Amino acid sequence: MDELQDIINKNQEHWKNEVESGGHYTIPDLNLNTDLLQQFAKGELLFWSDPCAKINNPLLKKIRQYEYADIKGKKVLCLASGGGQQSAMFSLLGADVTVADITQGQLNGDIQAANHYGYIVKTVQCSMTDLSVFDDESFDIVHQPISICFVPDVALVYKEVFRVLRKGGLYHVDHINPATHPTSYENSIDGWDGIGFRIGSPYIGGPLRIDENGNENMTSGEVDGEFRHLFIDIFCKLTEAGFQIKYIWEDERNLVTALNPQNGIPPCDGSYESGFSVIQRYINVLSSK
């Protein structure tokens with residue numbers, strides 16, 4: 001079987017299981033407040049739903065306004081973004097939304113959200129590496145939350161996104177900071193040691209693997225369907241595809257000085273979440289065609 005197709009099939013099965021088990025990213029957001037959404041779009045709030053915190057970083061506010069200003073009527077592709085969360089936000093702000101995802105179960109969440117709120121959403125089951133179902137220059141905005149980590153080469157996605165974006169269109173893609181991976185591993189050389197987080201694995205890109213003992217690592221065992229992309233790929237392949245990078249910023253939750261207590265950074269106690277609190281977890285990139 002083709003290696004890429006094998007990876008797609010593996011991740012499709014993974015997200016099918018996530019839907020069946022009720023994973024966090026598969027649950028549609030059915031409690032959105034339109035007033036909060038408008039404040040979010042204006043750059044006033046960190047999140048588009050409760051609990052939320054105010055933005056007090058001037059540059060972050062500028063980025064938010066640049067991305068979401070005058071979004072009503074714009075054609076938005078939520079890429080590899082099923083589950084009824086991002087699509088609900090864009091739709092309630094007045095955008096014409098299409099969702100592309102490899103798993104029908106995830107797309108069902110977007111349909112559920114649309115039925116709940118009373119808007120229309122288009123859903124397409126496809127891989128983010130093949131958007132041939134869409135015509136050239138079909139969208140004003142492509143929004144991709146953390147999902148590009150499930151393809152071996154970001155260039156495969158960047159090329160497709162560039163094609164389907166209209167001239168002047170925006171591409172928002174979120175990446176996992178490659179430095180964070182070992183803090184979440186559970187093996188003999190990485191992760192929590194009772195005092196802090198050790199990083200012993202080599203800093204290399206490529207597939208994450210599961211060894212014979214069930215430990216996640218970068219060097220031995222079966223490929224698990226997720227990939228560690230290095231900065232040279234994340235950024236250089238974006239510009240090689242033709243994009244102009246506008247803004248790069250850290251996970252927004254780390255850019256405020258006073259968080260709502262429910263959104264606070266967890267203590268460093270060895271948990272999966274706290275492992276990501278010692279090194280910036282996500283990197284947001286906004287570029288234009």
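Worth saying up front: this structure is predicted, and the values here are computed from it rather than measured.

Rules used in this analysis
- In this convention, every chain numbers its residues from 1, walking through the sequence in written order.
- Owing to the predicted nature of the model, reporting of local features is limited to residues with pLDDT of at least 70; listing and counting of side-chain atom pairs is limited to 80 or more, with chain, interface and lining totals taken over all residues.
- Side-chain calculation: all heavy atoms of the structure are included, whereas hydrogens and water are not.
- Centre distance within 6.5 Å is the pairing criterion for rings of Phe, Tyr and Trp, where only the six-membered ring of Trp is used; planes under 30 degrees apart are then read as stacked, over 60 as edge-to-face, and the remainder as tilted.
- When the NZ atom of lysine or the CZ atom of arginine is within 6 Å of a ring's centre and also within 35 degrees of its normal, the charge is said to sit over that ring.
- Secondary structure is summarised from DSSP: a helix means a run of H or I of at least four residues, a strand means a run of E of at least two, and numbering begins at the N terminus for each.
- Helices are assigned an expected span. That span is 1.5 Å times one less than the residue count.
- When a residue's accessible area, from a 1.4 Å probe over protein chains only, is under 20% of the maximum for its type it is buried; when over 50% it is exposed; and in between it is partly exposed.
- The directions from the helix axis to the C-beta atoms form the arc being described.
- Residues count as neighbours in contact if any of their non-hydrogen atoms are within 4.5 Å of one another.
- Polar contact is defined as a pair of N or O atoms within 3.5 Å, subject to the rule that within protein one atom must be able to donate a hydrogen and the other to accept it, and that residues adjacent in sequence are counted only when both atoms are side-chain atoms.
- Between the N-to-C directions of two axes lies an angle of 0 to 180 degrees, each axis being a line fitted to C-alpha atoms and, for a helix, fitted only over the stretch in contact.
- Here the word oblique covers every angle except those under 35 degrees (roughly parallel), over 145 (roughly antiparallel) and from 65 to 115 (roughly perpendicular).
- Less than a right angle of anticlockwise turn of the near helix away from the far helix marks a crossing as left-handed, whereas a clockwise turn marks it as right-handed.
- In this count, Pro and Cys sit with the nonpolar residues alongside Ala, Val, Leu, Ile, Met, Phe, Trp and Tyr, while Asp, Glu, Lys and Arg are called charged and the others, Gly among them, polar.
- By definition, a salt bridge exists where a carboxyl oxygen of Asp or Glu is found within 4 Å of a side-chain nitrogen of Lys or Arg.
- What makes a nonpolar core is a set of buried Ala, Val, Leu, Ile, Met, Phe, Trp, Tyr and Cys residues whose side-chain atoms join them at distances within 4.5 Å.

A. Broad picture of the packing of aromatic side chains. If you walk through the whole model with that rule in mind, you get twelve aromatic pairs. Through a chain of ring-to-ring contacts, the aromatic side chains of F40, W48, Y68 and F90 assemble into a single cluster. Over the face of the ring belonging to F162 we find K289, whose NZ or CZ atom lies 4.7 Å from the ring centre.

B. Region of the structure containing helix α1 (residues 3–21). With 19 residues, α1 should reach 27 Å at 1.5 Å per residue; the first-to-last C-alpha distance of 27 Å fits that figure. Turning to α1, its buried residues are I7, I8, N11 and W15. One side of α1 holds all its buried residues, which, seen down the axis, span an arc of 100°. Across α1 from its buried face, at more than 90 degrees, point the exposed residues E20 and S21. In this fold, the buried residues of α1 make contact with α5 (104–117) and β10 (222–228). Regarding α1, its N-cap is D2, as a side-chain oxygen of that residue lies 3.1 Å from the backbone nitrogen of L4 further along.

C. Structural context of the packing of helix α6 (residues 154–164) against helix α8 (residues 231–240). Two numbers describe how α6 lies on α8: the axes approach to 10 Å, and their chain directions differ by 30°. If you check the angle between α6 and α8, you find them roughly parallel. Between α6 and α8 the crossing geometry is right-handed. Of the residues in α8, those in contact with V154, A155 and Y158 of α6 are D233, I234, K237 and L238. For the contact of α6 with α8, the per-class residue count stands at five nonpolar, no polar and two charged.

D. Structural view of the pattern of salt bridges. All chains considered together, the criterion is met by eleven salt bridges. Between E222 and K10 there is a salt bridge, and its shortest N-O distance comes to 3.3 Å. Taken together, the positions of E222 in strand β10 and K10 in helix α1 put the pair 212 residues apart, joining distant regions of the chain. One salt bridge in this structure joins K237 and D153, with 2.9 Å as the shortest N-O distance. Here K237, found in helix α8, pairs with D153, found in the loop between β4 (139–144) and α6; they are 84 residues apart in sequence, far enough to count as distant. Bridged by salt links that share partners, the residues K75, D96 and K122 form one connected network.

E. Focus on the nonpolar core. If you look at the biggest cluster of nonpolar residues, it comprises 31 residues, and the most contacted ones within it are Y68, I71, V76, M89, F90, L93 and V97. Elements represented by at least two residues in this core include exactly α2 (34–41), α3 (58–68), β1 (75–79), α4 (86–92), β2 (96–101), α5 and β11 (244–250). Look past the residues within four positions of I71 in its chain and what remains in contact with it is F90, L93, G94, A95 and I141. Among the nonpolar cores identified, the runner-up in size contains 27 residues, and L77, M128, L238 and F243 belong to it.

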